[in-house]
Each structure stands twice: as structure tokens, then as C-alpha cells.
Amino acid sequence: MAELKVLFATSEVAPLIKTGGLADVSGALPAALRAIGVDVRVLVPGYNQVISHLTPQQVVATFNDLPGFPPVRLLSGVMASGVTVLAVDCPSLYQREGGPYQNALGHDWADNAQRFGLLSRVAAVLGSSASPLDWHPDLVHCNDWQTGLAPAFLHFAPGAVPSIIAIHNIAFQGNFPPETVQQLHLPPACYSIEGAEFYGNLSFLKAGLFYADHITTVSPNYAKEIQQEKLGFGMQGLLTFRRDRLTGILNGIDTEEWDPSTDPHLAKPYSSANMSGKAANKESLQSKMGLNIEPDIPLLGVVSRFTEQKGLDLLLEIAPLLTKLPVQLAMLGTGDAKMQKTARDLTHLYPGKIGVVIGFSEELSHQIEAGADMFVMPSRFEPCGLNQMYSQRYGTPPIVHATGGLVDSVVDSSTATLKGGTASGFTFEDMTSKNLFAAIQRAVGMYHDKIKWDALRKNCMAKNFSWRSSAEAYRTVYLKVLKDRRSIIRSKS
Ligand code: ADP
Ligand code: GLC
């Protein structure tokens with residue numbers, strides 16, 4: 001059989017441009033698919049960070065008459081992973097100071113509908129008979145709302161290939177006023193309950209969920225949760241209706257980038273066979289974060305967006321009590337201004353015990369995973385979550401709320417799971433500060449029992465979170481979608 005060709009459309013891709021886990025996935029999954037023989041090309045907006053790092057840069061197409069959009073060039077380059085990137089070069093929409101979705105003040109760009117409408121439109125052109133490229137994908141793999149219109153454009157385009165959409169976070173939906181339909185030159189038929197209309201708005205995400213041939217999401221447990229009112233964010237009805245076309249596939253992690261035995265950011269490498277280097281990482285982290293050098297006081301690490309989703313408000317609320325256990329806290333993150341201030345204030349109230357860095361630092365995120373004794377992730381909801389997997393790989397047991405992908409990737413420590421060798425962290429059920437505190441208390445109790453703690457860390461480090469099996473699961477979905485499409489075409493002819 002000829003090699004399967006997939007266009008992977010995404011709004012961020014590591015290491016070129018990253019605000020969260022979507023970038024990690026968009027960097028690593030295409031590389032893992034390539035390793036199992038799938039020919040994947042990644043389509044991203046040509047932000048400054050992308051254009052300036054794209055090598056060798058080649059113009060492979062120009063689009064001067066996409067209705068509703070300025071002229072566009074398509075640039076191609078190759079990432080260090082060997083995966084080809086196609087960047088949508090449209091300086092007036094993408095080359096500006098600020099983030100991919102928001103300006104420097106944290107406000108959404110006013111023209112996001114047009115910016116991601118264009119990304120979706122180009123993905124659809126490349127997946128249809130109108131594509132100017134020699135390379136024709138068999139399928140378009142979309143990710144989140146930013147590429148949600150691609151399945152809609154494809155649905156109405158002649159000679160279009162099938163599409164899938166992966167939900168990384170259903171809370172972000174790309175809902176815009178109805179006039180956007182006309183501005184983006186979407187077929188008016190799209191704007192219907194049986195289509196992309198969502199409570200009086202055009203919803204990019206709903207368009208994807210409605211028109212894509214298949215829907216995936218980033219963990220099996222989240223696939224169930226989004227079919228329910230509590231975590232469906234209004235999409236639960238459609239997802240329940242399409243449940244035969246919905247598959248949860250747990251994300252993997254890049255096991256080369258996240259490897260404590262070779263990580264260049266660490267003070268000292270270590271491995272499951274020789275953990276002695278972990279203490280040096282703890283000391284170095286304590287000194288970097290302004291914490292007292294205390295080898296025997298458990299150090300809790302956090303690397304996170306500061307948002308309601310991540311539940312850090314609960315952690316900040318109990319931080320004063322935690323210092324009495326005692327534990328130390330090292331936090332890295334950015335986001336909500338109020339949470340940032342509370343976190344900063346805590347460093348003044350509890351000097352040497354609580355350390356906070358507000359910002360985005362790849363290097364420090366690795367150092368926290370390695371230097372902390374435990375990693376805290378009290379997310380209210382978490383489609384998959386990557387940090388709990390990184391922390392297990394670094395022998396830093398995670399403490400997590402039992403939700404989404406955290407349930408699929410962390411095994412609570414109980415007498416039975418410790419005996420069975422599967423325990424890998426601490427989970428708590430109901431989202432209250434009391435329950436979070438109790439879970440941390442349990443972890444601290446076990447930390448002081450060296451034999452149990454060593455066994456727990458070994459279990460964590462033995463787990464296999466590599467992308468390979470997830471990449472195979474995606475390939476299975478691709479093949480099924482293509483087979484179903486062929487049988488529809490056969491039954492029509
Ligand atoms: P989400 O995508 O919802 O933010 P994930 O756990 O899937 O959550 O992925 C977050 C990714 O972003 C991880 O790679 C994490 O290390 C990284 N990250 C989050 N905040 C920061 C930060 N302030 N500095 C560096 N990396 C960060
Ligand atoms: C989203 C989710 C996170 C997931 C990531 C990558 O940002 O919030 O849980 O790990 O996407 O799929």
C-alpha cells in the first residue's frame with residue numbers, strides 16, 4: 001500500500017511556538033507518525049517565531065484570491081525532528097508582537113476569526129482538488145477550534161479528502177458573531193443547528209465536531225467526560241450523537257526531550273538505576289527559587305498556566321498551611337493576574353518556603369520536574385495533561401485531581417497498588433482544598449518512609465509514556481476513516 005499522507009493542521013508546534021500542551025503534541029506526534037511510516041506535514045500560521053526559525057525556507061505556493069483573505073504565501077521548511085512544516089505566511093495577520101492568540105496585555109486578538117479562518121481555509125485547499133502542491137494528503141488532521149473550520153470548508157469543496165478533528169480542550173470553542181460566516185465566505189448552509197451554529201454564534205469548534213469524519217480527544221476518560229453536561233461545555237449532545245465516531249487516545253510524551261539521564265538543563269543527570277543526582281537537582285532548584293536549602297523537607301513543584309482550569313487557586317489557598325507540614329513550594333507559571341499576585345505575595349509572607357517565578361521558561365520547567373520531590377496538578381478538568389507524565393518520568397510522583405487524562409495516567413498509591421507495583425502518584429476525588437490538602441499530606445507521609453518512597457519513584461520511572469502506541473492508534477483511526485469513505489463512494493456509484 002502507498003504511504004499514508006496526512007496534513008496536520010495546528011495553531012502551535014514545539015519547538016517553534018508554544019503556549020501549552022498542544023505545541024508539545026504537534027511537535028512530537030507527527031514525528032512519531034513519521035517513525036511508523038506515515039508521511040505527515042504540519043501546517044501552522046507564519047508567526048514571527050515560525051518564520052524566523054524555518055529552514056531551509058522555500059516558497060511552495062501563493063494564494064492571491066482566497067475569498068475574504070489577504071494574499072498568502074506558503075513556505076516550507078524542515079524541523080529538527082525531520083518533519084516538514086508548511087507555514088501560512090500572511091504578515092498582516094500573523095507577524096505581530098504578542099502571543100498566538102492574545103496581545104501582550106492578555107486580550108484576544110480582535111481578528112482571531114480571520115486569523116484562524118485563514119489557517120482552516122488553507123488546510124482545506126491543500127486537502128482538495130484545488131491544491132497547487134504536488135503533495136496531496138489522504139486526510140487532514142485538525143486540532144482544536146483554530147482549525148475547526150477546515151472540516152466545514154472540506155465538506156463543501158470538490159474533490160476533498162476526509163478530515164478528523166482532535167479535541168485538546170473543549171472549553172475553548174472559537175465562537176464568533178454570525179456575520180463571521182459571510183466575512184470568511186463560509187457556505188451559508190453551514191450556519192445551522194445541523195452545522196456550525198452554536199447558541200446564536202458561529203462556532204469554529206462545533207463546525208469541526210459536526211463536519212469532521214472522525215473526532216479524537218486526548219485521553220479515553222476525557223472522551224467520556226465531554227459527553228456529559230458537567231464537562232461538555234455545551235457540546236455534549238453533539239458528541240453523544242457522534243459517539244461512534246469519537247475516540248480517546250492518550251497523548252504520549254517526547255521521551256528524548258524529557259529524559260533525566262540526558263537532560264541538558266539539569267544540575268546533574270540521574271536515572272532509575274542511579275538516583276543519586278536527584279538531590280543535586282533539588283538543591284540547585286532550592287537555590288534558584290530562593291528557598292532554604294533543606295534536603296529533607298519535601299519540595300512540591302508546579303509548572304502551569306495560571307487559570308481556573310488548573311485549580312491553582314486551591315493550592316494558593318492552602319499554601320500557608322502546607323508550609324507548616326512542613327513542605328516547600330516551587331511554582332512556575334503565567335496567566336491570571338490575580339493568581340499571579342497572590343502567588344507573589346506568598347513568597348514575601350513565607351520567604352525561603354515558597355518560591356515563585358512568573359513567566360515561561362522551558363529550562364526551569366525541566367529543573368522543577370527534576371528538582372521537586374512531588375508535582376502538584378489540581379486541575380478542575382484536564383483533557384490529558386503532560387506534566388504529570390513528565391514528572392513520573394523524572395521520578396517526581398504527581399498529586400492530581402482525578403479528572404480527564406490524569407485518571408488515565410496516574411495510579412493512586414494504596415496498599416494494593418503499592419504491593420502490585422503500579423502505584424505512581426496520589427489522586428483525590430472531589431475538587432476541594434480540603435481533599436487537595438489531604439492528598440498532599442498522604443504524599444508527605446509516604447515521603448518519610450524511604451522504602452515505600454523509593455518503590456513509588458521506581459514505578460513512576462518504569463512507566464512507558466512514549467508516543468509510539470498513541471501514533472499507532474491514530475494511524476488506525478486514519479485507516480478506518482479512509483476505508484469508510486471508500487465504502488461510501490462505492491455505495492454511491
Ligand atoms: P495545557 O496545555 O493545558 O497548558 P499540558 O499539561 O498539556 O497543559 O501542557 C502544558 C505544557 O506547557 C507542558 O509542556 C508544560 O511544561 C508547559 N508549560 C506550561 N506553563 C509553562 C511555563 N510557565 N513555562 C514553561 N513551560 C510551561
Ligand atoms: C490542552 C489540554 C491538556 C492537553 C493538551 C495537549 O491544552 O488542556 O490537558 O494535555 O491540550 O493535548
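Our subject is the structure that appears above.
Residues numbered from 1 in each chain as written. Chains lettered and ligands numbered in written order. Predicted model: local features only at pLDDT ≥ 70, side-chain atom pairs only at ≥ 80, totals over all residues. Heavy atoms only, no water.

1. What to know about the overall build of the protein chain
Now for step 1: The helix and strand inventory of the protein chain stands at 20 helices and 18 strands.
Now for step 2: Computed over C-alpha atoms, the radius of gyration of the protein chain comes to 23 Å, within 12% of the 23 Å expected from 2.2 N^0.38 for 493 residues, which places it in the range of a compact globule.
Now for step 3: If you line up the protein chain on its principal axes, its C-alpha atoms span 70 × 45 × 45 Å.
Now for step 4: The burial tally for the protein chain puts 57% of its 493 residues in the buried class.
Now for step 5: The long-range fraction of contacts in the protein chain, counting pairs at least 24 apart against all pairs at least 6 apart in sequence, stands at 70%.
Now for step 6: For the protein chain, the accessible area works out to roughly 20,000 Å², and carbon and sulfur atoms hold 54% of it.
Now for step 7: In the protein chain, which carries 43 positive and 45 negative side-chain charges, the distance between the mean positions of the two groups comes to 4 Å. (Helix = DSSP H or I, 4+ residues; strand = E, 2+ residues; numbered from the N terminus. Rg over C-alpha atoms; globule rule 2.2 N^0.38 Å. Buried < 20%, exposed > 50% of the residue type's maximum accessible area, 1.4 Å probe, protein only. Contact = heavy atoms within 4.5 Å. Areas by Shrake-Rupley, 256 points an atom, 1.4 Å probe, with all protein chains shown as cover. Lys, Arg positive; Asp, Glu negative; His and termini not counted. Charge placed at Lys NZ, Arg CZ, Asp CG, Glu CD.)

2. A few points about the sheet that holds strand β15 (residues 354–358)
Now for step 1: A sheet is described by the order of its strands in space; here six strands give the open sequence β15-β14-β13-β16-β17-β18, paired in parallel fashion. For this open sheet the edge positions go to β15 and β18 (426–428), each flanked by a neighbour on one side alone. Taking the axes of each pair of neighbouring strands and ignoring which way they run, one obtains an average angle of 20° across the sheet.
Now for step 2: The pairing of strand β17 (residues 398–401) with β18 spans three bridges and is classified as parallel. Looking at the pairing, His401 lines up with Phe428 of β18. (Pairing = 2+ DSSP bridges. Axes fitted to C-alpha atoms, helices over the stretch in contact; angles between N-to-C directions.)

3. Digging into the layout of surface pockets
Now for step 1: In this structure, the second largest pocket encloses a volume near 660 Å³.
Now for step 2: The wall of the second largest pocket is formed by 27 residues, among which Gly27, Ala28, Ala31, Ser81 and Asp254 lie closest to the centre.
Now for step 3: Going through the elements one at a time, α1 (21–35) and α20 (468–492) are the ones with two or more residues in the lining of the second largest pocket.
Now for step 4: It is α1 that provides the largest number of residues to the lining of the second largest pocket, a total of seven residues.
Now for step 5: Per-class residue counts for the lining of the second largest pocket are 15 nonpolar, five polar and seven charged.
Now for step 6: When residues of the lining of the second largest pocket are sorted by domain, at least three fall in each of domain 1 (5–252 + 468–492) and domain 2 (276–464). (1 Å grid on protein atoms, 1.4 Å probe; cavity = no way out; pocket = protein on both sides within 12 Å on 5 of 7 lines; lining within 4 Å. Points joined across faces, edges and corners; volume = space filled by probe spheres on them. Nonpolar A, V, L, I, M, F, W, Y, C, P; charged D, E, K, R; others polar. Domains from an automatic or database assignment.)

4. A word on the side chain of Ser219
Now for step 1: Position of Ser219 relative to the elements: it lies in the loop between β11 (214–217) and α8 (220–225).
Now for step 2: Exposure remark for Ser219: the relative accessible area of 0% places this residue in the buried category.
Now for step 3: Of the polar contacts made by the side chain of Ser219, one reaches the backbone oxygen of Pro383; its length is 2.6 Å.
Now for step 4: Excluding anything up to four places from it in sequence, Ser219 contacts Gly248, Ile249, Leu250, Pro383, Gly404, Gly405 and Asp408. (Polar contact = N/O pair within 3.5 Å; in protein donor to acceptor, adjacent residues only side chain to side chain.)

5. Thoughts on helix α7 (residues 204–211)
For an α-helix, 3.6 residues make a turn, and residues three or four places apart therefore share a direction.
Now for step 1: Counting buried positions along α7 yields seven of eight residues, so the element is predominantly enclosed.
Now for step 2: Buried within α7 are the following residues: Phe204, Leu205, Lys206, Ala207, Gly208, Leu209 and Tyr211.

6. Considering the site of ligand 1
Now for step 1: Surveying the vicinity of ligand 1 reveals 19 residues, the closest of which are Gly21, Arg305, Lys310, Gly359 and Leu386.
Now for step 2: Gly21 is positioned with one of its backbone polar atoms (N or O) 2.6 Å from an oxygen atom of ligand 1.
Now for step 3: Between a nitrogen atom of ligand 1 and a main-chain N or O atom of Gly359, the distance comes to 2.8 Å.
Now for step 4: Protein chains bury 93% of the 560 Å² of accessible surface belonging to ligand 1 in isolation.
Now for step 5: Secondary structure elements with two or more residues in the shell around ligand 1: α1, β13 (299–306), β14 (328–335) and α15 (387–393). (Near = heavy atom within 4 Å.)

7. Considerations on the sheet that holds strand β8 (residues 175–176)
Now for step 1: The sheet built from three strands is open, its strands ordered β8-β10-β9 with antiparallel pairing. Since the sheet does not close on itself, it has two edges, and those belong to β8 and β9 (197–198), each with one partner.
Now for step 2: As judged from the two bridges shared by β9 and strand β10 (residues 201–203), these two strands associate in the antiparallel manner. Looking at β10, one finds that Glu197 is bridged to Leu202.

8. Observations regarding the nonpolar core
Now for step 1: Formed by 99 residues in total, the largest nonpolar core has its most connected members in Leu43, Leu74 and Leu118.
Now for step 2: With nine residues, the top contributor of residues to this core is helix α4 (residues 112–126).
Now for step 3: Ignoring any residue separated from it by four or fewer positions in sequence, one finds Leu118 in contact with Leu66, Phe69, Val72, Val88, Cys90, Leu93 and Tyr94. (Core = buried A, V, L, I, M, F, W, Y, C linked by side-chain atoms within 4.5 Å.)

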